[in-house]
Amino acid sequence: MTTVARHKTRKSGGEAPAPRQARVESRPPGEPRRIGWLYVLPALLVYGAFLLWPLVRGAQFSLYDWDGLGTATWAGASNYTAIWSDPVLRGAFGHLLVLIVFYAVLPCCIAFLLVAVMSRSKIHGLAFFRTVLFLPQVVAMVAVAVAWRWVYSADGPVNTVLGWVHALGLPDWRRGWLGDFTFALPAVGIVGTWVGIGLAMVLFLAGVQRIPRELYEAARIDGAGAVREFFAVTLPALRRELAVALTLTTIMAIRNFDLIYNATEGGPGDATKVPAYEVYNRTFNTGEVGLGCAVGVTLAVLAFVVTAGIRRLVEGKDA
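Rules of the game
Residues numbered from 1 in each chain as written. Predicted model: local features only at pLDDT ≥ 70, side-chain atom pairs only at ≥ 80, totals over all residues. Heavy atoms only, no water. UniProt positions renumbered as here; feature names shortened; annotations may be inferred. pLDDT = per-residue confidence, 0-100. Contact = heavy atoms within 4.5 Å. Axes fitted to C-alpha atoms, helices over the stretch in contact; angles between N-to-C directions. Helix = DSSP H or I, 4+ residues; strand = E, 2+ residues; numbered from the N terminus. Parallel < 35°, antiparallel > 145°, perpendicular 65-115°, else oblique. Left-handed = near helix turned anticlockwise from the far one by under 90°. Nonpolar A, V, L, I, M, F, W, Y, C, P; charged D, E, K, R; others polar. Patch = residues over 30% accessible without salt bridge, like charges linked within 9 Å, V, L, I, M, F, W, Y side chains within 5 Å. Areas by Shrake-Rupley, 256 points an atom, 1.4 Å probe, with all protein chains shown as cover. Salt bridge = Lys/Arg side-chain N within 4 Å of Asp/Glu carboxyl O. Buried < 20%, exposed > 50% of the residue type's maximum accessible area, 1.4 Å probe, protein only. Phe/Tyr/Trp six-rings, centres within 6.5 Å; stacked < 30°, edge-to-face > 60°. Lys NZ or Arg CZ within 6 Å of the ring centre and 35° of its normal.

By the naming in an unreviewed UniProt entry, the protein chain goes by Sugar ABC transporter permease and is assigned to Actinomadura syzygii. Taken verbatim from the UniProt record of the protein chain, the Subcellular location (unreviewed entry) comment is "Cell membrane".

Okay, structure coming up:
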């Protein structure tokens, strides 16, 4: 282009075309994102094969009357309506609500109490104390059931101590705890409380360690006592830990089978039957595969709803 042409171009308001720039990719550096699916594919296959597929098949079987051997007949939603019309199954879900209190609510309350004490005073040997409390989490529930069956036995530690108390002139409270219609379910619940305290305690201790000490010092300067300090500083800072602890312990209560099976087998009578035990009992003992699957699907939905509700309730708008 000549000098005169360039001059005319400037006078006419036109601009020379800008040089083409290389297009910049907007994706993050590294491999394409679809490559990430290859890393999680083995876990997804295992998850789908051993959890999702059995759940889908269980939902399918729940729509049939089937004894596991013969020909299945279509039942529709009758197995689900039977859950609420059968008094034994209704009672099992009622027992589950009681066990949630023992498995989730009481461990979190006791763990919070211990953490509140620890946050105001220095305790020597905290690591050993934390290990002892967490120990039930690493012991197989079958071993826990066998141990506590001995603890509750007629000549076990509980009745031995109560015998000493009776010797002092107090009423005789000794009984066969796991064979008593009134006390069998609370006795099983206490075992769940003992198991759950360690998990909640470790989670809360981990959360307390990240709370700035200045917050406690400021609260004490303002004249806050132990109770006010707990509700003003400790509890708000541990909302997420509380949500995790309640979720894990509630799921532990919902899927409670091995403790019931090895300690009481649902007895005496129907006093300690829970839905997880009824899934096994109806499927393998009474030959009601469809009804057992319906209980299992209902239990899975209940677990999802309860855990989602816990998260919304505890974490609020941040959930």
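Right, picking up where we left off after that structure.
**Q** When you look at the confidence of the model for the protein chain in this model, what are you seeing that I'm missing?
**A** Regions with low pLDDT carry predicted coordinates that are not meant to be interpreted in detail. Mean pLDDT over the protein chain: 85, with 87% of residues reaching 70 or higher. Considering only residues more than four positions removed or in separate chains, one finds that residues 7-11, a stretch of pLDDT under 50, has two contacts.

**Q** Is there a simple way to think about the packing of helix α8 (residues 184-208) against helix α11 (residues 239-254) in this case?
**A** Two quantities define a packed helix pair, namely the angle between the helix axes and the distance between the axes. At their nearest, the axes of α8 and α11 sit 9 Å apart, and the two run at 165° to each other. Relative to α11, the element α8 is oriented roughly antiparallel. Between α8 and α11 lies a crossing of right-handed hand. Across the interface between the two elements, Val-195, Gly-196, Leu-199, Ala-200, Leu-203, Phe-204 and Gly-207 from α8 touch Glu-241, Leu-242, Val-244, Ala-245, Leu-248, Thr-249 and Met-252 from α11. Partitioning the contact of α8 with α11 into residue classes produces ten nonpolar, three polar and one charged.

**Q** How do you make sense of the UniProt feature "transmembrane region" (unreviewed entry) in the protein chain when you look at a structure like this?
**A** Under the UniProt annotation, "transmembrane region" (unreviewed entry) lies at residues 36-56, 92-115, 127-151, 183-206 and 289-310. Helix makes up 100% of residues 36-56 and strand 0%, and the two end C-alpha atoms of the span are 27 Å apart.

**Q** Would you explain a nonpolar patch on the surface in this entry?
**A** Taken together, the side chains of Trp-37, Leu-38, Tyr-39, Val-40, Leu-41, Leu-44 and Leu-45 make up a nonpolar region of the molecular surface, amounting to roughly 790 Å² of accessible area. You can see Tyr-39 is positioned in helix α2 (residues 34-61). Residue classification places Tyr-39 among the exposed residues on the basis of a relative accessible area of 66%.

**Q** Just checking my understanding: could you explain the packing of aromatic side chains for this structure?
**A** Here the structure, examined in full by the defined rule, presents 15 aromatic pairs. Plain terms: the ring middles of Phe-257 and Tyr-261 are 5.4 Å apart, the flat faces sit at 20° to each other, and that makes the pair stacked. A relative accessible area of 25% means that Phe-257 is categorised as partly exposed. For the pair Tyr-277 and Tyr-280, a centre-to-centre distance of 6.2 Å together with 55° between the ring planes defines the contact as tilted. With Tyr-277 and Tyr-280 both in helix α13 (residues 275-285) and three residues apart, this pair spans about one turn of that helix. Given the relative accessible area of 6%, Tyr-277 is considered buried. A residue is classified by how much of its surface remains accessible, and Tyr-280, at 23% relative accessible area, is partly exposed. Feature note: the residues Phe-257, Tyr-261, Tyr-277, Tyr-280 and Phe-284 constitute an aromatic cluster, connected by ring pairs. The ring of Trp-177 has Arg-175 sitting right over it, with the charged end atom 5.5 Å from the ring centre.

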